[in-house]
Amino acid sequence: MPLHLIKLCVGCDTVEELLDWRKASAAPGEPWILRTRQTPKRASEMLDGGSVYRVFKGVILCRQKILAIETVGEGVNARCEVTLDASVVRVTPAPRRAFQGWRYLEHREAPGDLEMEAFGEAPPDLARKLRELGAW
């Protein structure tokens, strides 16, 4: 079973805001890279189906598949770049307390994916609010 990362999404309160930020800040075709200070010691376990789960205002709301994990730079300048799949998958909302950096998330603890068709013709704002509350 794959291992996942969980990371706070700072600066965005919703998945829609994250997507809007990405659209405004990335050049077409540019890979989605998440930069962190340290390379996970268990990186190899995440490359076979692992994802980054994002926490918005205390609730896990989405994930992105991990495509690659690389350490760039050397010594005190070394950083980690996690290349992510461009598609963002919404997940069943799950509460999560605040933490710093990132944490490992075992597969058995990861929230399941949401089927977006289940939201039908609900207005986007209503569907978003219901997802955030965990009611839908």
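So, here is what we can say about the structure in this document.

On to the overall build of the chain, then. Scanning the chain from terminus to terminus reveals 3 helices and 7 strands. Taken from N to C terminus, the helices and strands of the chain fall in the order β-α-β-α-β-β-β-β-β-α. Residue burial in the chain is summarised as follows: out of 136 residues, 38% are buried. For the chain, long-range pairs separated by at least 24 residues make up 65% of all intrachain contacts whose partners lie at least 6 apart in sequence. Accessible surface, the chain as shown: approximately 8400 Å² in total, 51% of it carbon and sulfur.

Here we come to helix H1 (residues 15-25). For H1, the full list of buried residues reads Val-15, Leu-18 and Arg-22. Mapping the buried residues of H1 onto a view down its axis gives an arc of 60 degrees, with all of them on the same face. Those residues of H1 that are exposed and angled more than 90 degrees off the buried face are Asp-20, Lys-23 and Ala-24. Packed against the buried residues of H1 are strand E2 (32-36), strand E3 (51-56), strand E4 (59-72) and strand E6 (89-95).

Criteria and thresholds
The numbers attached to residues start from 1 for each chain and follow its sequence in the written order. This being a predicted model, a pLDDT of at least 70 is required before a residue's local features are given, and a value of 80 or more before pairs of side-chain atoms are given or counted; all residues contribute to the totals for chains, interfaces and linings. Excluded from the side-chain calculation are hydrogens and water; included are all heavy atoms of the structure. Secondary structure counts use DSSP, requiring at least four H or I residues in a row for a helix and at least two E residues in a row for a strand, with both numbered from the N terminus. We call a residue buried when its accessible area falls under 20% of the maximum for its residue type, exposed when it is over 50%, and partly exposed in between, using a 1.4 Å probe and counting protein chains only. Residue contacts are counted whenever heavy atoms from the two residues lie within 4.5 Å of one another. With residues, only the protein chains shown are counted as cover, and all accessible areas are computed by Shrake-Rupley using a 1.4 Å probe. Think of the arc as the fan of directions from the helix axis to the C-beta atoms.

By themselves, these observations are geometric and do not establish any function.
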